[in-house]
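Take a look at the letters that make up each chain.
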Amino acid sequence: CVRTQQWLKNPPDTHHHALWTLGDAHYPSELLQLADPPLVIYVAGQTARTLGNAIAIVGSRNPTPQGAQTAAQFGEALSAADLCVVSGLALGVDGAAHKGALRGGKVREMTPSSARHWHTVAVVGTGLDRVYPRQHQTLAHDIALQGLLISEYHLGTAPLAHHFPKRNRLIAALGLGTLVVEAALKSGSLITAKMALELGREVLAIPGSIHATQSHGCHALI
């Protein structure tokens, strides 16, 4: 469509836009392990780099202060250790993990792997010409400078509720494992954890306070 053509032709100077199909050499091979890999993915960011080894970090959109801090600390430590941090750009744990990964990426900027691999990947549930939530406009731009934004949805796609559980399968597939920082018993994070297990990935959970509902899902996993 015209919108896609304009989007591909007019990327910012700092990063690139692309469409990757199943047969494209750049298409992440990890997604091919899904029963229903996207036929096409829209990507924005450092498209010349690759995933490398990755860990998904997921959790509550309304974490405790300790949960947000923990997500950021793990994101930073994993990124500094040359692991790409994959998450969903949502408020709460996702955003904290991405921000931590960007800080950790600065630690390894001078290493050879820094130029080869993404520091963090955000899998979103909207078209890539939209940022949801709006509070993460700056974060999305920063991710594009050091990593990659991925969507299976066409440009202009709104943040519809049913898109987010579906996109979780991409998050689960991209990581060697999934770390759940905080999650209620009925949450999208546990859906991601279940999908990761079905793909044969590792699932890890961080314990929290017995009084915090945000930790009940993690305790159930443990």
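Above this text is the structure in question.
Residues numbered from 1 in each chain as written. Predicted model: local features only at pLDDT ≥ 70, side-chain atom pairs only at ≥ 80, totals over all residues. Heavy atoms only, no water.

Asker: Describe the overall build of the chain, naming the residues involved and giving the relevant values.
Answerer: Counting secondary structure elements, the chain contains seven helices and eight strands. Once the C-alpha set of the chain is aligned to its principal axes, its extents read approximately 50 × 40 × 35 Å. Looking at the chain residue by residue over its 222 residues, the buried ones come to 53%. For the chain, the proportion of contacts with a sequence separation of at least 24, taken over those separated by at least 6, is 76%. Element-wise, carbon and sulfur atoms account for 57% of the exposed surface of the chain, whose accessible area totals about 10400 Å². (Helix = DSSP H or I, 4+ residues; strand = E, 2+ residues; numbered from the N terminus. Buried < 20%, exposed > 50% of the residue type's maximum accessible area, 1.4 Å probe, protein only. Contact = heavy atoms within 4.5 Å. Areas by Shrake-Rupley, 256 points an atom, 1.4 Å probe, with all protein chains shown as cover.)

Asker: Tell me about the packing of aromatic side chains, residues and numbers included.
Answerer: One pass over the structure, following the stated rule, counts two aromatic pairs. Look at W20 and W118: their rings are 6.4 Å apart centre to centre, the planes differ by 25 degrees, and that puts the pair in the stacked class. Within this pair, whereas W20 is found in strand β1 (residues 16-21), its partner W118 is found in the loop between α3 (93-107) and β5 (120-123), the two being separated by 98 residues in sequence. What makes W20 buried here is its relative accessible area of 3%. Ring plane angle 45 degrees and centroid distance 5.8 Å describe the contact between Y132 and F164, whose orientation is recorded as tilted. Within this pair, whereas Y132 is found in the loop between β5 and α4 (137-146), its partner F164 is found in helix α5 (residues 163-174), the two being separated by 32 residues in sequence. (Phe/Tyr/Trp six-rings, centres within 6.5 Å; stacked < 30°, edge-to-face > 60°.)

Asker: Any details on a nonpolar patch on the surface? Residues and values, ideally.
Answerer: A cluster of nonpolar residues, L8, L19, L22, L32, L39 and V40, forms a patch on the protein surface that exposes about 460 Å² of accessible area. Within the fold, L19 resides in strand β1. Given a relative accessible area of 30%, L19 falls into the partly exposed group. (Patch = residues over 30% accessible without salt bridge, like charges linked within 9 Å, V, L, I, M, F, W, Y side chains within 5 Å. Salt bridge = Lys/Arg side-chain N within 4 Å of Asp/Glu carboxyl O.)

Asker: Describe the environment of F164, listing the residues and the values that go with them.
Answerer: With relative accessibility at 13%, the residue F164 sits in the buried group. Placed 39 residues apart in sequence, F164 and G125 show a C-alpha to C-alpha distance of 5.2 Å. In this view, F164 contacts R61, G125, T126, Y132 and P159; residues no more than four positions away in its chain are not counted.

Asker: Give a description of the sheet that holds strand β6 (residues 148-151) that names residues and reports values.
Answerer: Here eight strands make up an open sheet; going across it, the order is β1-β2-β6-β5-β4-β3-β7-β8 and the pairing mixed. The open sheet terminates on both sides in strands that have one partner only, identified here as β1 and β8 (202-205). Within the sheet, the average angular offset between the axes of one strand and its neighbour, ignoring direction, is 25 degrees. Packed on one face of the sheet, α4 meets β2 (40-45), β5 and β6 and runs near 110 degrees to β6. Most of the contacts of helix α6 (residues 188-198) go to strand β7 (residues 177-180), to which it runs at about 155 degrees, and overall it touches β3 (54-58), β7 and β8. (Pairing = 2+ DSSP bridges. Axes fitted to C-alpha atoms, helices over the stretch in contact; angles between N-to-C directions.)

Asker: Got a sec to walk through the side chain of Q146? Specific residues and values, please.
Answerer: You can see Q146 is positioned in helix α4. In this structure Q146 comes out as buried when scored by relative accessible area, which is 14%. Only 2.5 Å separates the side chain of Q146 from the side chain of H119, close enough to count as a polar contact. Ignoring any residue separated from it by four or fewer positions in sequence, one finds Q146 in contact with Q46, R49, L102, G105, E109, W118 and H119. (Polar contact = N/O pair within 3.5 Å; in protein donor to acceptor, adjacent residues only side chain to side chain.)

Asker: Before we move on, can you summarise the environment of Y27 with the specific residues and values?
Answerer: You can see Y27 is positioned in the loop between β1 and β2. On the basis of relative accessibility, which here comes to 5%, the residue Y27 falls in the buried class. Linking Y27 and T50, residues 23 residues apart in sequence, is a C-alpha distance of 9.4 Å. Contact partners of Y27, with chain neighbours within four places excluded, come to W20, T21, L22, L32, P37, P38 and I41.

Asker: Which residues make up α5, and what values do they have?
Answerer: A rise of 1.5 Å per residue sets the reference length of α5, with its twelve residues, at 16 Å; its end C-alpha atoms lie 17 Å apart and thus fit the reference within 8%. Across the twelve residues that make up α5, a large majority, ten, are buried. Within α5, burial applies to H163, F164, R167, N168, R169, L170, I171, A172, A173 and L174. (Expected span 1.5 Å × (residues − 1).)

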